[in-house]
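Inside the fold
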Amino acid sequence: MILGDGQYGGERFGRLCLHCRQVDWPGLTASLISEDPPSFSALVTGENPNLALCHDRRLQWLPTITNAFRAVHRDEIPGLPAAVDVYGDYFDAIWFDETADPEKAAHRLDPVLAQISRRHGCRGGIVRTHRRNPHQRGLVTELRAVGQAPPDFFTVQEHGLLYEISLTQTQHTGLFLDQRDTRRRVFLAARGARLGNLFAYTCSFSVAAVAGGAEVAFSVDVAKPGLNTGKRNFELNGLAAGGRGKFVQEDARRWLQRQLRRQEEKPEIWQPLDLMVCDPPVFASSKKGGKFVVEKEWPRLAETTRRLLGPDGQALFANNHRGGDHGTYRKALRKHFASVTDLRPPLDFPVAEGRPHHVRLFWCKV
Ligand SMILES: C[S@@+](CC[C@H](N)C(=O)[O-])C[C@H]1O[C@@H](n2cnc3c(N)ncnc32)[C@H](O)[C@@H]1O
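So, on to the pairing of strand β12 (residues 194–198). A large share of β12 lies buried, amounting to 5 of its 5 residues. A two-sided burial pattern is seen for β12, the buried positions comprising R194, G196 and L198 on one face and L195 and N197 on the other. Bridge count for β12 against strand β13 (residues 216–221) is 5 bridges, and the pairing is parallel. The residue bridging L198 from the neighbouring strand is V220, located in β13.

Set out below in structure tokens:
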């Protein structure tokens, strides 16, 4: 069977597929039979083969560790400017073409969402479209419910840990799915560690670290709502008792400077950090802290973070700056860390050929 080959009538497909279904070997009475992979049988069942291929790529493995994952990544289905995430019983679809009419977008997504719902047991979900409004700066996001509307708040699980999600009440959902593998890394590196989690949002890295045995996790963020969700995430996982989670509402740059001053002024009681997470926004502006532009701040974040780490210190640096230069970000880290390793995003965020990295991830050692 051959897919993606015009000569055999196949439509455009994400890769060339050859599958040998049956082998008859001289001397063997029984044939060797191998079932078609799901993306092949999709051709027979009428399912969208590109969507079935998305499923194949995830190796049917993700649902064994989490019920929150990306079912379709941006650019993964040729010609479909959308991504679809599954959060437990609900999907969250994002339509990236700002010029498209939301009705038409929803119409094009309908069959994809129906298939995803069937495969993953979703009851319904949300479609997000973005529109440029001439009277306002930036984009306006429109949400529309499809099928059963999700509750305002619910939980998902990842590697046995629970996280609060909202698909309707907050700008982001509460859990960045592209950081799943790095959360796991932090969990595995956390035994006995003192963690500094900068730009902590809903504190998912801190939850993973404390669950992994961290002595203490400082979650630092300017925004209170995220930290409040973080506190609930600690409670959901039975990690609130014992005070190992510290929640600090402050500009991360100020917090770093405060730690450096303490280190200098009180070296006898100063304790270094063992693990740092630094996952800043590309751009932000706050009343107290003013503007934050990742390109500009990155070199100083690299330097101050390094200075707060002990001799065996490790740090995860991440950013989503699609337009930024990967080499420049890496070089700034290499100036202060003995080793810097590029990490790949999880397998449900495949890197499309010729497209910028969706997220940059660096694991650094002192
Ligand atoms: C990309 S999100 C971080 C995601 C988080 N690391 C996670 O995996 O869930 C960026 C966060 O940075 C926070 N933020 C923006 N400017 C900040 C600043 N100057 N200091 C501290 N936090 C800031 C935002 O409130 C937001 O929660």
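After that view, the rundown keeps rolling.
A word on the packing of helix α9 (residues 294–308) against helix α10 (residues 326–334). Two numbers describe how α9 lies on α10: the axes approach to 8 Å, and their chain directions differ by 20°. On the basis of the axis angle, α9 is roughly parallel to α10. As α9 runs across α10, the sense of the crossing is right-handed. Of the residues in α10, those touching α9 at V294, E295, W298, P299 and A302 are Y329, A332 and L333.

Now for the site of the ligand. For the ligand, the set of nearby residues contains 16 residues, the closest of which are F199, D221, D251, A252 and D279. A distance of 3.3 Å separates a nitrogen atom of the ligand from a polar atom in the side chain of D251. Here A252 contributes a backbone N or O atom positioned 2.8 Å from a nitrogen atom of the ligand. Calculation on the ligand without its partners gives an accessible area of 610 Å², and the protein chains cover 89% of this total. For the shell around the ligand, the secondary-structure elements that each account for two or more residues are α6 (204–211) and α8 (252–265). Considering only residue class, the shell around the ligand consists of 10 nonpolar, 1 polar and 5 charged.

Procedures and definitions
- Residues numbered from 1 in each chain as written.
- Predicted model: local features only at pLDDT ≥ 70, side-chain atom pairs only at ≥ 80, totals over all residues.
- Heavy atoms only, no water.
- Buried < 20%, exposed > 50% of the residue type's maximum accessible area, 1.4 Å probe, protein only.
- Helix = DSSP H or I, 4+ residues; strand = E, 2+ residues; numbered from the N terminus.
- Pairing = 2+ DSSP bridges.
- Axes fitted to C-alpha atoms, helices over the stretch in contact; angles between N-to-C directions.
- Parallel < 35°, antiparallel > 145°, perpendicular 65-115°, else oblique.
- Left-handed = near helix turned anticlockwise from the far one by under 90°.
- Contact = heavy atoms within 4.5 Å.
- Near = heavy atom within 4 Å.
- Polar contact = N/O pair within 3.5 Å; in protein donor to acceptor, adjacent residues only side chain to side chain.
- Areas by Shrake-Rupley, 256 points an atom, 1.4 Å probe, with all protein chains shown as cover.
- Nonpolar A, V, L, I, M, F, W, Y, C, P; charged D, E, K, R; others polar.

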